[in-house]
Amino acid sequence: MSSFTEFCGYITASPRTLAEQVVDRVLAKIDQDIPEAESLRAVEMYEELLGHLGETLGNEADLDVPDALIEWSKKNAEMQVSSGGKISEIVVRYPPTRVVMAELFTELSVKSGLSLEENARVIKRINTLLDVSLNETFFAFERLQEKYEAEMQSEMISLSAPVVPVADDVVVLPLIGYLDSYRVNHILTNVIPRIAEMDVYHVITDFSGVLTIDDQTAEAIHHIGSTFSLMGIHVVVAGLRPDLVQTIVRSGIQLATADAYATVKQALESLEKIES
């Protein structure tokens, strides 16, 4: 039996021991506090990875990547996204992992009497697997991060224009944060139809929580007011600060209502007088 065959047989027979050595050495090199459960999961992944390595090293045509490595890489990315961590916190682990793997398997190669060419084949295969893992981690992180940001944006948009009933025929529409095109579109496509179904006559649009608006948004606000008016809903504006008024005036847009008040309280008091 050749030295290389014996070497592959040893790896195949001792994946757990080798996996524990890899994880212990990597943790000794990096300055990160890794939870015990994550370390154990890494050991289990490397155990399967090294078992796969020992079985396939003798066949250069077999370049399959074990499923455990792919799933482990994706899971790492998922954990980073869910915890609000950075991809760099994972990436920095790969260089010391390469060093540890190269050192460990070079030591084993020397003990097994492998040639330089055979040792190079082992290191090349390990680097290939680590490259696949790194790529999968990056791709998974990007996909999950984009999905997370889209969900957060959707949630923030929803929260930026809540509908607050204050009387049988009156609702307050507080506008919160930056009124960009996404939030204005949310109001047009989701909020207005919801208000229409509530059978109200007055809508108090409260701008007191708006940080800033631009000319394009001012025009969109006019469109929102016009839409309410066409539906027979009386629009009252409240909370317009001087800087927001200046933007609206500068844009040349006339709001769809002449009823404007400094506060929601004043607007409600005015509507109560109208109703009485």
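Notes on the structure in this doc start here.

Rules used throughout
- Residues numbered from 1 in each chain as written.
- Predicted model: local features only at pLDDT ≥ 70, side-chain atom pairs only at ≥ 80, totals over all residues.
- Heavy atoms only, no water.
- Helix = DSSP H or I, 4+ residues; strand = E, 2+ residues; numbered from the N terminus.
- Buried < 20%, exposed > 50% of the residue type's maximum accessible area, 1.4 Å probe, protein only.
- Contact = heavy atoms within 4.5 Å.
- Areas by Shrake-Rupley, 256 points an atom, 1.4 Å probe, with all protein chains shown as cover.
- Salt bridge = Lys/Arg side-chain N within 4 Å of Asp/Glu carboxyl O.
- Phe/Tyr/Trp six-rings, centres within 6.5 Å; stacked < 30°, edge-to-face > 60°.
- Lys NZ or Arg CZ within 6 Å of the ring centre and 35° of its normal.
- Core = buried A, V, L, I, M, F, W, Y, C linked by side-chain atoms within 4.5 Å.
- Axes fitted to C-alpha atoms, helices over the stretch in contact; angles between N-to-C directions.
- Parallel < 35°, antiparallel > 145°, perpendicular 65-115°, else oblique.
- Left-handed = near helix turned anticlockwise from the far one by under 90°.
- Nonpolar A, V, L, I, M, F, W, Y, C, P; charged D, E, K, R; others polar.
- Pairing = 2+ DSSP bridges.
- Right-handed = clockwise from strand over helix to strand, strands pointing away.

### A short note on the overall build of the protein chain
A tally of helices and strands in the protein chain yields eleven helices and five strands. Residue burial in the protein chain is summarised as follows: out of 276 residues, 41% are buried. At a minimum sequence separation of 6, the contacts of the protein chain that also span at least 24 residues come to 78%. For the protein chain, the accessible surface area stands at approximately 15000 Å², while carbon and sulfur atoms represent 53% of it.

### Overview of the pattern of salt bridges
Evaluated as defined, the whole model comprises six salt bridges. Salt-bridge contacts for Arg93 lead to Glu38; the nearest nitrogen and oxygen are separated by 2.8 Å. Remark: Glu38 occurs in helix α3 (residues 36–56) and Arg93 occurs in the loop between α5 (88–91) and α6 (94–112); sequence separation between them is 55 residues. Here the two residues Arg93 and Glu38 agree in accessibility, since each one is buried. Here the salt bridges do not stand alone but share partners, grouping Arg16, Glu20 and Glu47 into one network.

### Structural notes on the packing of aromatic side chains
According to the stated counting rule, one finds three aromatic pairs in the structure shown. Plain terms: the ring middles of Phe7 and Phe105 are 6.4 Å apart, the flat faces sit at 70° to each other, and that makes the pair edge-to-face. Placement of the pair is Phe7 in helix α1 (residues 3–13) and Phe105 in helix α6, with a sequence separation of 98 residues. Per residue, the accessibility class of Phe7 equals that of Phe105, and both read buried. One cation-aromatic arrangement involves Arg121 over Phe4; the distance from NZ or CZ to the ring centre is 4.6 Å.

### Overview of the nonpolar core
Phe7, Tyr46, Leu50, Leu57, Phe105 and Val122 are the most contacted members of the largest nonpolar core, which has 35 residues in total. Where this core is concerned, the elements lending two or more residues are α1, α2 (15–29), α3, α4 (67–83), α6 and α7 (116–159). Among the elements that make up this core, the one with the highest residue count is α3 (seven residues). With sequence-adjacent residues up to four places away left out, Leu50 is seen in contact with Ile11, Pro15, Leu18, Ala19, Met101 and Phe105. Core analysis: the next-biggest nonpolar cluster, separate from the first, contains 25 residues, Leu175, Val184, Ile195 and Ile233 among them.

### A closer look at the environment of Leu69
Positionally, Leu69 belongs in helix α4. Spatially, the C-alpha atoms of Leu69 and Leu129 are 8.2 Å apart, while their sequence positions differ by 60 residues. For Leu69, the contacting residues outside a window of four places in its chain are Met45, Leu49, Leu129 and Ser133.

### Quick look at the environment of Gly85
Position of Gly85 relative to the elements: it lies in the loop between α4 and α5. Beyond its immediate sequence surroundings of up to four residues, Gly85 is in contact with Gln80 and Phe141.

### Some words on the packing of α2 against α6
For the pair α2 and α6, interaxial distance at closest approach is 9 Å and the crossing angle is 135°. Here α2 lies oblique to α6, going by the angle between them. Between α2 and α6 lies a crossing whose hand is right-handed. In contact with Leu18, Gln21, Val22, Arg25, Val26 and Lys29 of α2, α6 contributes Pro96, Thr97, Val99, Val100, Met101, Glu103, Leu104, Glu107 and Leu108. The residue inventory of the contact of α2 with α6, partitioned by class, reads nine nonpolar, two polar and four charged.

### Notes on the pairing of strand β3 (residues 202–212)
Bridge count between strand β2 (residues 170–178) and β3: eight bridges; the pairing is parallel. Paired with Val170 across the strands is His202, a residue of β3. Viewed along the sheet, the connection from β2 through helix α8 (residues 181–196) into β3 turns out right-handed. Bridging between β3 and strand β4 (residues 234–238) involves five bridges; their strand directions are parallel. Across the sheet, residue His202 finds its bridge partner in β4, namely His234.

### Some words on the sheet that holds strand β1 (residues 164–167)
With respect to topology, five strands assemble into an open sheet ordered β1-β2-β3-β4-β5, the strand pairing being mixed. Sheet topology places β1 and β5 (260–261) at the edges, where each strand pairs with a single neighbour. Sitting on the sheet, α8 is in contact with β2 and β3, with an inclination near 165° to β2.

Don't take any of this as a statement about function, it's just geometry.
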